[in-house]
Amino acid sequence: METSAKKERNGNGFMVALNKAGRYLVKNALSFTVAVMGLVHLGLVVIFLLAGVLPLVRFNCLSVIVYIFCYILCRFGHIMPAYFSIVLEVTVYTIVSTYYVGLRCGTYCFLFSIVPIIIYFGCNLYTGRNRFNIVLMLILNFITFIILYTRFSQEEPMYEVAPGFRLILVLYSAFAMVFATIFYNAIYIYSSENKLSILEKKNRQLSADAHEDALTSLLNRRGFLPLVKTLMRSDEETHFCIAFCDLDDFKRVNDSYGHEAGDEVLKHVTTMIREELPGCDICRWGGEEFVILLKECDLAAAKAKVERLRKTIESNPTVFFSKQIFVTTTIGLEENKDGYREPEEIIKKADVRMYYGKQHGKNVLIFEDAEEKAE
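Colleague: Pulling in residues and values, what's your account of the sheet that holds strand E7 (residues 365-366)?
Modeller: Taken together, five strands build an open sheet; the order of strands is E2-E3-E1-E6-E7 and the sheet is mixed. The sheet is open, and its two borders are formed by strand E2 (281-286) and E7, each paired with just one other strand. Judged from the five bridges that link them, E2 and strand E3 (residues 289-295) form a sheet pairing that is antiparallel. The residue of E3 that forms the bridge with Arg-284 is Phe-290. Packed onto the sheet, helix H11 (residues 259-276) meets strand E1 (240-247), E2 and E3 and runs at close to 10 degrees relative to E3.

Colleague: Tell me what's going on with the environment of Val-90, and back it up with residues and numbers.
Modeller: Looking at the secondary structure, you find Val-90 in helix H4 (residues 79-101). For Val-90, a relative accessible area of 1% translates into the label buried. The spatial distance from the C-alpha of Val-90 to the C-alpha of Tyr-108 is 9.5 Å, given a sequence separation of 18 residues. Aside from chain neighbours lying at most four places away, what touches Val-90 is Met-37, Tyr-67, Phe-110, Leu-111 and Ile-114.

Colleague: Talk me through the environment of Thr-94; I want residue IDs and the actual numbers.
Modeller: Here Thr-94 lies in helix H4. What makes Thr-94 buried here is its relative accessible area of 0%. With 190 residues separating them in the primary sequence, Thr-94 and Arg-284 have C-alpha atoms 68 Å apart. Excluding anything up to four places from it in sequence, Thr-94 contacts Thr-107, Tyr-108, Phe-110, Leu-111 and Leu-148.

Colleague: Can you break down the nonpolar core residue by residue, with the values?
Modeller: When a protein is soluble and globular, its nonpolar side chains tend to lie buried together. Judged by nonpolar contacts, the single largest core of 42 residues is most densely connected at Leu-44, Phe-48, Ile-86, Val-101, Phe-121 and Tyr-184. Contributions of two or more residues to this core are made by helix H2 (29-51), helix H3 (54-75), H4, helix H6 (115-125), helix H7 (132-152) and helix H8 (163-211). Residue contacts for Tyr-184: discarding those within four places in its chain leaves Thr-33, Pro-116, Ile-117, Tyr-120 and Phe-121. With 30 residues, the next largest nonpolar core counts Leu-247, Phe-250, Val-265 and Leu-309 among its residues.

Colleague: Mind laying out the pattern of salt bridges, listing which residues take part and the relevant values?
Modeller: Taken as a whole and judged by the stated rule, the model has 17 salt bridges. A salt bridge links Glu-160 to Arg-104, with the shortest nitrogen-to-oxygen separation between them at 3.1 Å. A residue pair is termed long-range when its members are at least 10 positions apart, and Glu-160 in the loop between H7 and H8 and Arg-104 in the loop between H4 and helix H5 (109-113) qualify at 56 residues. Across the salt bridge formed by Lys-267 and Glu-264, the nearest N and O atoms sit 3.2 Å from each other. Of this pair, Lys-267 and Glu-264 both sit in helix H11, three residues apart, roughly one helical turn.

Rules used in this analysis
- Residues numbered from 1 in each chain as written.
- Predicted model: local features only at pLDDT ≥ 70, side-chain atom pairs only at ≥ 80, totals over all residues.
- Heavy atoms only, no water.
- Pairing = 2+ DSSP bridges.
- Helix = DSSP H or I, 4+ residues; strand = E, 2+ residues; numbered from the N terminus.
- Contact = heavy atoms within 4.5 Å.
- Axes fitted to C-alpha atoms, helices over the stretch in contact; angles between N-to-C directions.
- Buried < 20%, exposed > 50% of the residue type's maximum accessible area, 1.4 Å probe, protein only.
- Core = buried A, V, L, I, M, F, W, Y, C linked by side-chain atoms within 4.5 Å.
- Salt bridge = Lys/Arg side-chain N within 4 Å of Asp/Glu carboxyl O.

Have a look at this one:
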């Protein structure tokens, strides 16, 4: 058990580290590319120096300097110039190196190594019709390869490189091509999955926001009404009641203490409702109005619960900056009956009873109509 838990923690730690590395590489992909390209050309300086091809030693030294400047550009956010510099430098290097050492050294592979770079960064830099620039660069890249191949396939190079160094150059160039293909496909997949994950999270949040009240995290009307409708449409006989609550003289709270205090009162009342009526669906109907769905409750049971809630709200003030703010609530209660067809009908009845209570004293629970009382 302990070993399994330890392995799970290690696995989670590895995944966290991997995600951090992935996010860093996606965020700093061009800077990383420039740094790697600089190191690649530094390696080529050593290879050509040992091979005795001095013109390419000088050219690769110049390339290293170019990538140092590109790195500086990246750090200051000048992405487009750095992007074009990479494409141009690799293209020129391929032409020059092929001219000096020929096709058999495989330096033309660098043309293919920048294909994923052109696509990956181009898709981030260009939008809409401007993305045809990516296609144009890829076409020019392929045309460059065709010209080099037809021009130098039969021609002897200016420097005859020893077979050992030729093999090193072929493997080095091929590795650069394969690495670029794997790396940029990998970060493209990672960034796509990451964007999809963020989008799904935002969609879930939007969905929650569409059904929840931002201040209290209670359901709003859009989230609450379908719950009542489902109960009313159920084939099974379901007993439920609707309580319509309205905080008394709430405008006085806002006028006397400010709207921040009013918000605190609403949140405090929300907490009390949740604690007094666990398992009930609660809706902030609007402003200081709350509607409560008491499932599997007949009128008698609902009366006891809601009356207890009314007394709790009455006796528990909201503390706001060392001030105690007392509020009361008037509640209208109605039980589901056969005559009701839509949720709005039963809610309206509870609302009417609540309003009657407002007109006759406030801080009361009304569970029957005035006509019923008279009888």
